[in-house]
Amino acid sequence: MALKAGIVGLPNVGKSTLFNCLSSAKAQAANFPFCTIDAQLGQISVPDERLTKLAELINPDRIVPATCEIVDIAGLVKGASKGEGLGNQFLGNIRETDAIIHVLRCFDNDNIVHVDGSVDPVRDKEIIDTELQLKDLETVENRIKRVEKIAKVGGDKQAKIEYEVLLKYQEALLKGKSARTVSFDTEEEMAAAKNLFLLTTKPVLYVCNVDDKSAANGNKYVEAVREAIKDENAELLTISAQTEADISELESYEEKQMFLEDIGLKESGCDRLIKAIYHLLNLQTYITAGKMEVRAWTFRRGWKAPQCAGVIHTDFEKGFIRAEVIKYEDYIKYGSETAVREAGKMSVEGKDYVVQDGDIMHFRFNV
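Note that the structure is predicted; figures quoted are calculated from it, not measured.

## Overview of the packing of helix 5 (residues 157-174) against helix 6 (residues 187-194)
Look at helix 5 against helix 6: their axes get within 9 Å of each other, and the N-to-C directions meet at 70°. In terms of axis orientation, helix 5 runs roughly perpendicular to helix 6. In this structure, the crossing between helix 5 and helix 6 has a hand that is right-handed. Here Q158, I161, E162, V165, K168 and Y169 of helix 5 lie close against helix 6, whose contacting residues are E188, E189, A192 and A193. Grouping the constituent residues of the contact of helix 5 with helix 6 by class yields 5 nonpolar, 1 polar and 4 charged.

## Concerning the nonpolar core
Residues L22, I101 and L273 are the most contacted members of the largest nonpolar core, which totals 65 residues. Beyond its immediate stretch of four places on either side in the chain, L22 contacts I7, I44, I70, C270, L273 and I274. A159, I161, Y169 and A193 belong to the second largest nonpolar core, which has 20 residues in total.

## Let's talk about helix 1 (residues 15-22)
Counting buried positions along helix 1 gives 7 out of 8 residues, so the element sits mostly inside the fold. Residues of helix 1 that are buried include every one of K15, S16, L18, F19, N20, C21 and L22, and no others.

## Observations regarding the pattern of salt bridges
It is possible for side chains bearing opposite charge to pair when their charged atoms get close. Under the defined criterion, the tally for this structure stands at 20 salt bridges. For K135, the salt bridge goes to E138, with nearest N and O atoms at 3.6 Å. On the criterion of helical spacing, the pair formed by K135 and E138 is a turn pair, its members being 3 residues apart in helix 4 (residues 121-153). What makes K135 buried here is its relative accessible area of 15%. Close ionic contact of R364 with E324 constitutes a salt bridge, the shortest N to O distance being 3.2 Å. One end of the pair, R364, is in strand 12 (residues 360-365); the other, E324, is in strand 10 (residues 320-326), with 40 residues separating them in the sequence. With a relative accessible area of 33%, R364 lands in the partly exposed category. Connected through shared salt-bridge partners, E324, E337, R341 and R364 make up one network.

Cut-offs used in this document
Residues numbered from 1 in each chain as written. Predicted model: local features only at pLDDT ≥ 70, side-chain atom pairs only at ≥ 80, totals over all residues. Heavy atoms only, no water. Axes fitted to C-alpha atoms, helices over the stretch in contact; angles between N-to-C directions. Helix = DSSP H or I, 4+ residues; strand = E, 2+ residues; numbered from the N terminus. Parallel < 35°, antiparallel > 145°, perpendicular 65-115°, else oblique. Left-handed = near helix turned anticlockwise from the far one by under 90°. Contact = heavy atoms within 4.5 Å. Nonpolar A, V, L, I, M, F, W, Y, C, P; charged D, E, K, R; others polar. Core = buried A, V, L, I, M, F, W, Y, C linked by side-chain atoms within 4.5 Å. Buried < 20%, exposed > 50% of the residue type's maximum accessible area, 1.4 Å probe, protein only. Salt bridge = Lys/Arg side-chain N within 4 Å of Asp/Glu carboxyl O.

In short, shape yes, function no, at least from these values alone.
Quick look at the structure:
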(Lines give C-alpha, C1' and ligand atoms only; values in the text may rest on other atoms or scores of the structure.)
Protein backbone atom coordinates (compact mmCIF):
# COMPACT_ATOMS: atom_id res chain seq x y z
CA MET A 1 0.00 0.00 0.00
CA ALA A 2 1.23 3.49 -0.87
CA LEU A 3 2.37 5.71 1.97
CA LYS A 4 3.59 9.31 1.84
CA ALA A 5 4.99 11.41 4.70
CA GLY A 6 5.78 15.11 4.37
CA ILE A 7 8.66 16.87 6.14
CA VAL A 8 7.59 20.36 7.23
CA GLY A 9 8.96 23.18 9.37
CA LEU A 10 10.14 26.76 9.28
CA PRO A 11 13.04 27.62 6.94
CA ASN A 12 16.52 26.55 8.11
CA VAL A 13 15.49 24.00 10.73
CA GLY A 14 17.19 21.03 9.03
CA LYS A 15 14.38 19.61 6.89
CA SER A 16 16.44 19.11 3.74
CA THR A 17 19.43 17.71 5.64
CA LEU A 18 17.13 15.13 7.24
CA PHE A 19 15.47 14.38 3.90
CA ASN A 20 18.85 13.73 2.29
CA CYS A 21 19.76 11.29 5.06
CA LEU A 22 16.51 9.38 4.64
CA SER A 23 16.28 9.37 0.88
CA SER A 24 18.39 8.54 -2.13
CA ALA A 25 17.07 11.76 -3.72
CA LYS A 26 19.08 14.85 -2.82
CA ALA A 27 17.50 18.17 -1.94
CA GLN A 28 19.56 21.35 -1.72
CA ALA A 29 20.45 22.19 1.89
CA ALA A 30 21.84 25.69 2.47
CA ASN A 31 21.95 28.43 5.09
CA PHE A 32 19.21 30.70 3.72
CA PRO A 33 15.39 30.67 3.76
CA PHE A 34 13.44 28.96 0.95
CA CYS A 35 16.46 26.98 -0.19
CA THR A 36 13.80 24.35 -0.96
CA ILE A 37 11.10 25.74 -3.27
CA ASP A 38 9.68 22.80 -5.17
CA ALA A 39 8.74 19.77 -3.06
CA GLN A 40 11.38 17.04 -3.33
CA LEU A 41 10.15 13.45 -3.47
CA GLY A 42 12.21 10.45 -2.42
CA GLN A 43 11.65 6.82 -1.53
CA ILE A 44 12.92 5.19 1.64
CA SER A 45 13.16 1.57 2.73
CA VAL A 46 11.66 0.51 6.04
CA PRO A 47 14.40 -1.10 8.17
CA ASP A 48 13.49 -4.66 9.15
CA GLU A 49 16.13 -6.98 10.60
CA ARG A 50 13.76 -9.94 10.15
CA LEU A 51 14.22 -9.88 6.38
CA THR A 52 17.99 -10.23 6.71
CA LYS A 53 17.72 -13.14 9.14
CA LEU A 54 15.21 -14.97 6.92
CA ALA A 55 17.42 -14.39 3.88
CA GLU A 56 20.34 -16.04 5.70
CA LEU A 57 18.21 -19.20 5.97
CA ILE A 58 16.53 -19.12 2.56
CA ASN A 59 19.23 -17.52 0.37
CA PRO A 60 16.66 -15.83 -1.94
CA ASP A 61 17.41 -14.12 -5.24
CA ARG A 62 16.50 -10.78 -3.68
CA ILE A 63 15.30 -9.02 -0.53
CA VAL A 64 12.50 -6.47 -0.94
CA PRO A 65 11.81 -4.27 2.11
CA ALA A 66 8.64 -2.24 2.55
CA THR A 67 8.97 1.32 1.30
CA CYS A 68 7.33 4.69 1.75
CA GLU A 69 7.61 8.02 -0.02
CA ILE A 70 8.90 11.08 1.76
CA VAL A 71 8.44 14.68 0.63
CA ASP A 72 10.66 17.62 1.53
CA ILE A 73 8.21 20.53 1.56
CA ALA A 74 9.22 24.20 1.30
CA GLY A 75 9.67 26.10 4.57
CA LEU A 76 6.61 27.85 5.96
CA VAL A 77 6.29 31.45 7.19
CA LYS A 78 3.60 33.43 8.99
CA GLY A 79 0.71 34.20 6.67
CA ALA A 80 1.01 30.99 4.65
CA SER A 81 -2.72 30.35 5.08
CA LYS A 82 -3.26 33.59 3.13
CA GLY A 83 -0.66 32.74 0.50
CA GLU A 84 2.39 34.44 2.05
CA GLY A 85 5.80 33.07 1.08
CA LEU A 86 5.21 29.72 -0.59
CA GLY A 87 2.07 29.18 1.46
CA ASN A 88 -0.39 27.90 -1.12
CA GLN A 89 2.17 25.48 -2.54
CA PHE A 90 3.19 24.37 0.96
CA LEU A 91 -0.38 23.68 2.08
CA GLY A 92 -1.21 21.86 -1.14
CA ASN A 93 1.76 19.56 -0.69
CA ILE A 94 0.74 18.77 2.90
CA ARG A 95 -2.77 17.87 1.81
CA GLU A 96 -1.36 15.05 -0.35
CA THR A 97 0.47 13.34 2.53
CA ASP A 98 -0.65 10.65 4.98
CA ALA A 99 1.46 11.95 7.88
CA ILE A 100 3.43 15.05 8.83
CA ILE A 101 7.02 15.00 10.06
CA HIS A 102 7.30 18.39 11.76
CA VAL A 103 10.99 19.30 12.20
CA LEU A 104 11.80 21.76 14.99
CA ARG A 105 15.14 23.46 15.55
CA CYS A 106 16.38 22.51 19.02
CA PHE A 107 20.01 23.55 18.79
CA ASP A 108 22.04 26.75 19.13
CA ASN A 109 24.36 27.76 16.30
CA ASP A 110 25.16 31.40 15.55
CA ASN A 111 26.34 30.44 12.07
CA ILE A 112 22.89 29.18 11.01
CA VAL A 113 20.33 31.95 10.70
CA HIS A 114 16.84 31.64 12.15
CA VAL A 115 14.02 33.42 10.33
CA ASP A 116 12.71 34.84 13.64
CA GLY A 117 16.13 35.68 15.07
CA SER A 118 16.19 33.25 18.02
CA VAL A 119 15.82 29.57 18.86
CA ASP A 120 12.38 28.76 20.29
CA PRO A 121 10.93 25.47 19.02
CA VAL A 122 7.60 25.87 20.83
CA ARG A 123 7.05 29.25 19.15
CA ASP A 124 8.07 27.74 15.80
CA LYS A 125 5.62 24.87 16.31
CA GLU A 126 2.81 27.28 17.10
CA ILE A 127 3.49 29.29 13.93
CA ILE A 128 2.94 26.27 11.71
CA ASP A 129 0.05 24.98 13.84
CA THR A 130 -1.68 28.35 13.52
CA GLU A 131 -1.29 28.51 9.76
CA LEU A 132 -2.65 24.99 9.29
CA GLN A 133 -5.50 25.68 11.70
CA LEU A 134 -6.43 28.90 9.90
CA LYS A 135 -6.56 27.06 6.58
CA ASP A 136 -8.72 24.34 8.11
CA LEU A 137 -11.01 26.95 9.67
CA GLU A 138 -11.46 28.51 6.26
CA THR A 139 -12.32 25.09 4.81
CA VAL A 140 -14.76 24.30 7.63
CA GLU A 141 -16.58 27.64 7.51
CA ASN A 142 -16.95 27.50 3.73
CA ARG A 143 -18.41 24.01 4.10
CA ILE A 144 -20.78 25.15 6.86
CA LYS A 145 -22.23 27.76 4.49
CA ARG A 146 -23.02 25.01 1.99
CA VAL A 147 -24.66 22.46 4.29
CA GLU A 148 -26.24 24.56 7.07
CA LYS A 149 -29.54 25.23 5.34
CA ILE A 150 -29.90 21.64 4.11
CA ALA A 151 -29.13 20.32 7.61
CA LYS A 152 -31.61 22.61 9.38
CA VAL A 153 -34.47 22.64 6.91
CA GLY A 154 -34.23 19.52 4.78
CA GLY A 155 -34.52 15.92 5.78
CA ASP A 156 -31.03 14.97 4.66
CA LYS A 157 -29.64 12.85 7.53
CA GLN A 158 -26.10 12.88 6.14
CA ALA A 159 -26.12 16.68 5.90
CA LYS A 160 -27.15 16.91 9.57
CA ILE A 161 -24.31 14.60 10.62
CA GLU A 162 -21.79 16.57 8.58
CA TYR A 163 -23.09 19.86 9.99
CA GLU A 164 -22.62 18.66 13.57
CA VAL A 165 -19.10 17.47 12.75
CA LEU A 166 -18.27 20.82 11.18
CA LEU A 167 -19.51 22.72 14.24
CA LYS A 168 -17.29 20.61 16.52
CA TYR A 169 -14.28 21.28 14.30
CA GLN A 170 -15.11 24.99 14.11
CA GLU A 171 -15.28 25.25 17.91
CA ALA A 172 -11.88 23.60 18.36
CA LEU A 173 -10.16 25.57 15.59
CA LEU A 174 -11.47 28.89 16.93
CA LYS A 175 -9.83 27.99 20.24
CA GLY A 176 -6.49 27.45 18.51
CA LYS A 177 -6.68 23.65 18.71
CA SER A 178 -5.93 21.27 15.86
CA ALA A 179 -8.72 19.18 14.37
CA ARG A 180 -7.02 15.96 15.54
CA THR A 181 -7.93 16.89 19.13
CA VAL A 182 -11.66 16.48 18.34
CA SER A 183 -13.22 13.07 19.01
CA PHE A 184 -16.49 11.66 17.68
CA ASP A 185 -18.93 9.14 19.15
CA THR A 186 -20.41 7.41 16.10
CA GLU A 187 -19.07 5.74 12.97
CA GLU A 188 -21.22 8.10 10.87
CA GLU A 189 -19.54 11.14 12.42
CA MET A 190 -16.08 9.62 12.00
CA ALA A 191 -16.79 8.90 8.33
CA ALA A 192 -18.03 12.46 7.75
CA ALA A 193 -14.95 13.86 9.49
CA LYS A 194 -12.60 11.77 7.37
CA ASN A 195 -14.20 13.00 4.16
CA LEU A 196 -13.29 16.62 5.01
CA PHE A 197 -9.53 15.94 4.55
CA LEU A 198 -8.48 18.65 6.99
CA LEU A 199 -4.78 19.41 7.33
CA THR A 200 -4.71 19.27 11.13
CA THR A 201 -6.34 15.84 11.32
CA LYS A 202 -3.19 14.29 9.86
CA PRO A 203 -1.06 12.41 12.39
CA VAL A 204 2.10 14.30 13.40
CA LEU A 205 5.57 13.20 14.41
CA TYR A 206 7.53 16.06 15.95
CA VAL A 207 11.24 15.69 15.22
CA CYS A 208 13.50 17.73 17.50
CA ASN A 209 16.66 18.45 15.53
CA VAL A 210 19.45 18.75 18.12
CA ASP A 211 23.24 19.11 18.14
CA ASP A 212 25.33 15.93 18.22
CA LYS A 213 25.94 16.15 22.00
CA SER A 214 22.17 16.03 22.62
CA ALA A 215 21.37 13.19 20.20
CA ALA A 216 21.11 10.54 22.92
CA ASN A 217 19.47 12.41 25.81
CA GLY A 218 17.92 15.57 24.34
CA ASN A 219 18.16 19.06 25.88
CA LYS A 220 16.08 21.90 27.34
CA TYR A 221 14.48 22.65 23.98
CA VAL A 222 13.32 19.04 23.57
CA GLU A 223 11.78 19.08 27.05
CA ALA A 224 9.92 22.30 26.22
CA VAL A 225 8.47 20.69 23.08
CA ARG A 226 7.53 17.55 25.01
CA GLU A 227 5.59 19.66 27.50
CA ALA A 228 3.90 21.65 24.72
CA ILE A 229 2.54 18.56 22.92
CA LYS A 230 1.55 16.48 25.95
CA ASP A 231 -2.17 16.88 25.22
CA GLU A 232 -1.86 16.25 21.49
CA ASN A 233 -2.32 12.94 19.75
CA ALA A 234 1.24 13.13 18.43
CA GLU A 235 4.67 11.57 18.88
CA LEU A 236 8.12 13.03 19.48
CA LEU A 237 11.56 11.92 18.30
CA THR A 238 14.97 13.43 18.97
CA ILE A 239 17.47 13.40 16.08
CA SER A 240 20.67 15.21 15.15
CA ALA A 241 20.26 15.74 11.41
CA GLN A 242 23.93 16.67 11.05
CA THR A 243 24.98 13.50 12.87
CA GLU A 244 22.71 11.47 10.59
CA ALA A 245 24.37 13.15 7.60
CA ASP A 246 27.79 12.10 8.94
CA ILE A 247 26.56 8.52 9.45
CA SER A 248 25.17 8.35 5.91
CA GLU A 249 28.67 9.11 4.56
CA LEU A 250 30.14 5.99 6.18
CA GLU A 251 30.37 3.01 3.86
CA SER A 252 30.25 -0.11 6.04
CA TYR A 253 27.63 -1.27 8.53
CA GLU A 254 30.37 -1.85 11.13
CA GLU A 255 31.60 1.76 10.83
CA LYS A 256 28.07 3.07 11.29
CA GLN A 257 27.49 0.92 14.38
CA MET A 258 30.77 2.06 15.94
CA PHE A 259 29.81 5.68 15.30
CA LEU A 260 26.42 5.16 16.94
CA GLU A 261 27.95 3.46 19.97
CA ASP A 262 30.35 6.35 20.42
CA ILE A 263 27.45 8.79 20.79
CA GLY A 264 25.34 6.46 22.94
CA LEU A 265 22.78 5.22 20.39
CA LYS A 266 21.78 1.67 19.39
CA GLU A 267 20.34 2.56 16.00
CA SER A 268 20.37 5.57 13.70
CA GLY A 269 17.84 8.36 14.04
CA CYS A 270 16.69 7.74 10.48
CA ASP A 271 15.81 4.13 11.27
CA ARG A 272 14.00 5.23 14.41
CA LEU A 273 12.14 7.89 12.45
CA ILE A 274 10.90 5.48 9.78
CA LYS A 275 9.71 3.04 12.45
CA ALA A 276 8.01 5.90 14.30
CA ILE A 277 6.10 6.87 11.14
CA TYR A 278 4.83 3.30 10.84
CA HIS A 279 3.74 3.30 14.47
CA LEU A 280 2.09 6.71 14.03
CA LEU A 281 0.03 5.47 11.08
CA ASN A 282 -0.86 2.19 12.80
CA LEU A 283 1.00 0.21 10.15
CA GLN A 284 2.61 -3.22 10.35
CA THR A 285 4.29 -5.63 7.93
CA TYR A 286 3.80 -9.26 7.02
CA ILE A 287 6.35 -11.24 5.03
CA THR A 288 6.34 -13.56 2.04
CA ALA A 289 9.39 -15.82 1.92
CA GLY A 290 10.64 -18.05 -0.86
CA LYS A 291 13.58 -18.77 -3.11
CA MET A 292 12.62 -15.97 -5.49
CA GLU A 293 12.39 -13.28 -2.82
CA VAL A 294 11.94 -12.43 0.84
CA ARG A 295 9.59 -9.46 0.90
CA ALA A 296 7.82 -7.23 3.42
CA TRP A 297 4.27 -5.99 2.75
CA THR A 298 2.62 -3.09 4.57
CA PHE A 299 -0.87 -3.35 6.10
CA ARG A 300 -2.91 -1.55 8.73
CA ARG A 301 -3.07 -3.03 12.22
CA GLY A 302 -6.27 -5.07 12.59
CA TRP A 303 -6.63 -6.07 8.94
CA LYS A 304 -7.84 -9.58 8.24
CA ALA A 305 -6.20 -12.07 5.91
CA PRO A 306 -8.20 -11.24 2.72
CA GLN A 307 -7.41 -7.51 3.07
CA CYS A 308 -3.74 -8.28 3.50
CA ALA A 309 -3.81 -10.57 0.49
CA GLY A 310 -5.20 -7.65 -1.51
CA VAL A 311 -2.03 -5.68 -0.80
CA ILE A 312 -0.20 -8.07 -3.17
CA HIS A 313 -2.96 -8.10 -5.79
CA THR A 314 -6.69 -7.38 -5.77
CA ASP A 315 -7.33 -10.85 -7.23
CA PHE A 316 -5.84 -12.40 -4.10
CA GLU A 317 -8.51 -10.68 -2.01
CA LYS A 318 -11.39 -11.36 -4.39
CA GLY A 319 -10.63 -15.07 -4.68
CA PHE A 320 -9.27 -15.63 -1.18
CA ILE A 321 -9.58 -19.24 0.03
CA ARG A 322 -7.20 -19.50 2.98
CA ALA A 323 -3.87 -18.36 4.31
CA GLU A 324 -0.98 -20.53 5.47
CA VAL A 325 0.71 -18.73 8.36
CA ILE A 326 4.09 -19.24 10.00
CA LYS A 327 5.17 -17.14 12.95
CA TYR A 328 8.52 -15.46 12.37
CA GLU A 329 9.98 -16.86 15.60
CA ASP A 330 9.03 -20.41 14.56
CA TYR A 331 10.66 -20.02 11.15
CA ILE A 332 13.90 -18.84 12.78
CA LYS A 333 13.74 -21.63 15.37
CA TYR A 334 13.19 -24.50 12.92
CA GLY A 335 15.21 -23.06 10.03
CA SER A 336 12.96 -23.80 7.04
CA GLU A 337 9.36 -23.97 5.93
CA THR A 338 9.56 -27.75 5.64
CA ALA A 339 10.82 -28.10 9.20
CA VAL A 340 8.08 -25.79 10.47
CA ARG A 341 5.42 -27.91 8.73
CA GLU A 342 6.87 -31.11 10.16
CA ALA A 343 6.82 -29.59 13.63
CA GLY A 344 3.14 -28.73 13.21
CA LYS A 345 3.79 -25.03 13.65
CA MET A 346 2.19 -23.80 10.44
CA SER A 347 -1.48 -22.81 10.80
CA VAL A 348 -4.17 -22.63 8.15
CA GLU A 349 -6.37 -19.56 8.62
CA GLY A 350 -9.62 -18.36 7.07
CA LYS A 351 -11.21 -15.02 6.26
CA ASP A 352 -11.53 -13.90 9.88
CA TYR A 353 -7.87 -14.27 10.78
CA VAL A 354 -6.36 -10.98 11.98
CA VAL A 355 -2.84 -10.81 10.56
CA GLN A 356 -0.05 -10.06 13.05
CA ASP A 357 3.12 -8.09 12.54
CA GLY A 358 5.88 -10.37 11.22
CA ASP A 359 3.58 -13.19 10.10
CA ILE A 360 5.01 -15.15 7.19
CA MET A 361 2.08 -15.61 4.84
CA HIS A 362 1.22 -17.80 1.87
CA PHE A 363 -2.19 -17.11 0.33
CA ARG A 364 -4.37 -19.62 -1.50
CA PHE A 365 -6.89 -18.07 -3.88
CA ASN A 366 -9.02 -18.81 -6.91
CA VAL A 367 -10.32 -16.29 -9.48
